[in-house]
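Listed below are the residues making up each chain.
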Amino acid sequence: MASSKGYLDYVLEQLSGLEEISSRAMMGEYILYYQGKIFGGIYDDRLLVKPTASARQMLPDAPLEQPYEGAKEMLLVEDVDNRELLTALLTAMVGELPPPKKKKSAKG
């Protein structure tokens, strides 16, 4: 099942207090970025984030779920209505996320 644009818009609105939040559609789902770094995504209308140390600490009871079959497990953010929690979560996570991958230049 693909995620709805409405759910994406709601999550992005909840994160609107942070600068440099962006998303990219990918195969019916959405990859989410903060300061250019992938922190999670919207999969089947669920907000999933990478299980960094700070994310695990802030969401100790969050279940681990696969975004899609064969993928690494991610933490399910169940309280997407809590804007303060989401802001604090991303602020804590950003330093633990890997830097963006360099784009390969097209050789022609």
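As a reminder, the structure under discussion sits directly above these lines.
Just so you know, these numbers come straight off a predicted model, no measurement behind them.

A. Spotlight on the nonpolar core. If you look at the biggest cluster of nonpolar residues, it comprises 24 residues, and the most contacted ones within it are Phe39, Ile42, Leu47, Val49, Val77 and Leu89. Those elements that provide at least two residues to this core are α1 (5–14), β2 (29–34), β3 (37–43), β4 (46–49), β6 (74–77) and α3 (83–93). Element by element, the count of residues in this core is highest for α3, at four residues. Contacts of Leu89, omitting those with residues within four sequence positions, involve Val49, Ala55, Met58, Leu59 and Val77. Ile31, Tyr33, Tyr43 and Leu76 belong to the second-largest nonpolar core, a separate cluster that totals six residues.

B. A look at the packing of aromatic side chains. Applying the stated criterion across every chain, the model contains one aromatic pair. When the centroid spacing of 6.3 Å and the interplanar angle of 50° are considered together, the rings of Tyr43 and Tyr68 count as tilted. Taken together, the residues span a long stretch of sequence, with Tyr43 in strand β3 and Tyr68 in the loop between β5 (64–65) and β6 at a distance of 25 residues.

C. Looking closely at the sheet that holds β2. Across the sheet, six strands lie side by side as β1-β2-β3-β4-β6-β5; this open sheet has antiparallel pairing. Two strands bound the open sheet, and with one partner strand each, they are β1 (21–26) and β5. Summarising the sheet, β4 and β6 pair through three bridges and their orientation is antiparallel. Residue pairing across strands places Leu47 opposite Val77, the latter belonging to β6. Here α1 sits on the sheet and contacts β1, β2, β3 and β4; the angle it forms with β2, its principal contact strand, is near 15°.

Definitions and cut-offs
- Residue numbering note: each chain is counted from 1, following its sequence as written.
- Given that the model is predicted, a residue must reach a pLDDT of at least 70 before its local features are reported, and side-chain atom pairs must reach 80 or more before they are shown or counted; all residues, however, enter totals for whole chains, interfaces and linings.
- Side-chain descriptors were evaluated using all non-hydrogen atoms of the structure, hydrogens and water having been removed beforehand.
- To qualify as a nonpolar core, a set must consist of buried Ala, Val, Leu, Ile, Met, Phe, Trp, Tyr and Cys residues joined through side-chain atoms within 4.5 Å.
- Think of it in three bands: with a 1.4 Å probe and only protein chains considered, a residue is buried below 20% of the maximum accessible area for its type, exposed above 50%, and partly exposed in between.
- Helix numbers and strand numbers start at the N terminus; a helix is a DSSP run of H or I with at least 4 residues, a strand a run of E with at least 2.
- Every residue pair with non-hydrogen atoms within 4.5 Å of one another is taken to be in contact.
- Here a Phe, Tyr or Trp ring, Trp counted by its six-membered ring, pairs with any other such ring whose centre lies within 6.5 Å, and the pair is stacked when the planes are under 30 degrees apart, edge-to-face when over 60, and tilted otherwise.
- Pairs of strands are assigned from DSSP output, requiring at least two bridges between the strands.
- Lines fitted to the C-alpha atoms define the axes, with helices restricted to the stretch that makes contact. Angles between their N-to-C directions range from 0 to 180 degrees.

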